[in-house]
Amino acid sequence: MEFNNIIRWAEKNNLHVHYSRDVIFAVQMVYYTFFILNSILLIALTGIIYNLINIYFNRRKRFYAINMAIGMTPLDILCVMFFFCQIFILLSFILVSVIISGVTSSWLQSNISAYAQRYFDFTDMNLRFPFYSF
C-alpha cells in the first residue's frame, strides 16, 4: 500500500532504500488488525448509542405520561423540562469553563517558562513546570 508507493517513488528518483519485506508485511498486518478492531468497536459503539437513545426516549415518554396522569398540563411539563435543560446547560457551562481555564493557565505557564528561560539563561533546560525557573 503506502509502503510500496514510497519505495517505488524512492527507486524512481534513484534514492537507495533499505527495507525489509518482512517488516513491511508486519506493519501492514498491524494496520489491518487495528482497522478491523476499530470497525468492530464502531459497530459496538453504534449499538450502545442506539440503546442509550432508546432508554432516554422511553424515560422521557414515561416522565410525560406520569406527569399527565397526576394532572399536569403540557405547559407545566415543558416548564419542568426547560428547568432541567437550564440545569444541564449551567453544568455544561461550568465544565467548559474549567476546561478553558485549564488550557489557558497551561498556555500561560508555558509562556512564562519560555520567557524566564530566554531571559535568565536557562536555554539548555527543558522544564515542564515553569516556576522551577524562578
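Reading the values: rules and limits
- Residues numbered from 1 in each chain as written.
- Predicted model: local features only at pLDDT ≥ 70, side-chain atom pairs only at ≥ 80, totals over all residues.
- Heavy atoms only, no water.
- Helix = DSSP H or I, 4+ residues; strand = E, 2+ residues; numbered from the N terminus.
- Buried < 20%, exposed > 50% of the residue type's maximum accessible area, 1.4 Å probe, protein only.
- Contact = heavy atoms within 4.5 Å.
- Phe/Tyr/Trp six-rings, centres within 6.5 Å; stacked < 30°, edge-to-face > 60°.
- Lys NZ or Arg CZ within 6 Å of the ring centre and 35° of its normal.
- Expected span 1.5 Å × (residues − 1).
- pLDDT = per-residue confidence, 0-100.
- Patch = residues over 30% accessible without salt bridge, like charges linked within 9 Å, V, L, I, M, F, W, Y side chains within 5 Å.
- Areas by Shrake-Rupley, 256 points an atom, 1.4 Å probe, with all protein chains shown as cover.
- Salt bridge = Lys/Arg side-chain N within 4 Å of Asp/Glu carboxyl O.

**Q** When you look at the overall build of the protein chain in this model, what are you seeing that I'm missing?
**A** When its secondary structure is counted, the protein chain shows three helices and zero strands. The secondary structure elements of the protein chain, listed N-terminal to C-terminal, are α-α-α. Taking all 134 residues of the protein chain together, 10% fall into the buried category. Look at the contacts in the protein chain between residues 6 or more apart in sequence, and 15% of them connect residues 24 or more apart.

**Q** Could you clarify how one ought to interpret the packing of aromatic side chains in this entry?
**A** On inspection of all chains with the given rule, the structure shows four aromatic pairs. Measuring from ring centre to ring centre gives 5.5 Å for tyrosine 56 and phenylalanine 57, while their planes differ by 70°; the resulting arrangement is edge-to-face. Residue tyrosine 56 is classed as partly exposed on the basis of its relative accessible area of 44%. A relative accessible area of 47% means that phenylalanine 57 is categorised as partly exposed. Ring plane angle 50° and centroid distance 6.3 Å describe the contact between phenylalanine 83 and phenylalanine 84, whose orientation is recorded as tilted. On the basis of relative accessible area, phenylalanine 83 is assigned to the partly exposed category, the value being 47%. Residue class for phenylalanine 84 comes out partly exposed when judged on its relative accessible area of 44%. Taken together through their ring pairs, the aromatic side chains of Phe63, Phe83 and Phe84 make up a single cluster. One cation-aromatic arrangement involves arginine 60 over phenylalanine 63; the distance from NZ or CZ to the ring centre is 5.7 Å.

**Q** Teacher, can you tell me more about helix 2 (residues 21-69) here?
**A** Given 3.6 residues to a turn, an α-helix orients residues that are three or four positions apart in the same direction. Helix length check: helix 2, at 49 residues, gives a terminal C-alpha distance of 71 Å against a target of 72 Å (1.5 Å per residue), a fit within 8%. Of all the residues in helix 2, the buried ones are Ile24, Gln28, Phe63 and Asn67. The first or second residue beyond helix 2 is glycine 71, which carries a positive phi of 100°.

**Q** What's the story with the confidence of the model for the protein chain in this structure? I'm lost.
**A** Regions with low pLDDT carry predicted coordinates that are not meant to be interpreted in detail. With 84% of its residues at a pLDDT of at least 70, the protein chain reaches an overall mean of 79. Within the protein chain, helix 2 carries the highest mean pLDDT (86), whereas helix 1 (residues 2-12) carries the lowest (75). For the stretch residues 130-134, pLDDT sits under 50, and the model shows 12 contacts to residues farther than four places along the chain or on other chains.

**Q** Help me out: how do you make sense of a nonpolar patch on the surface in this one?
**A** Judged by side-chain polarity, Leu45, Ile48, Ile49, Leu52, Ile53, Ile55, Tyr56 and Phe57 come together as a nonpolar surface patch covering roughly 770 Å² of accessible area. With respect to the helices and strands, the residue isoleucine 53 is situated in helix 2.

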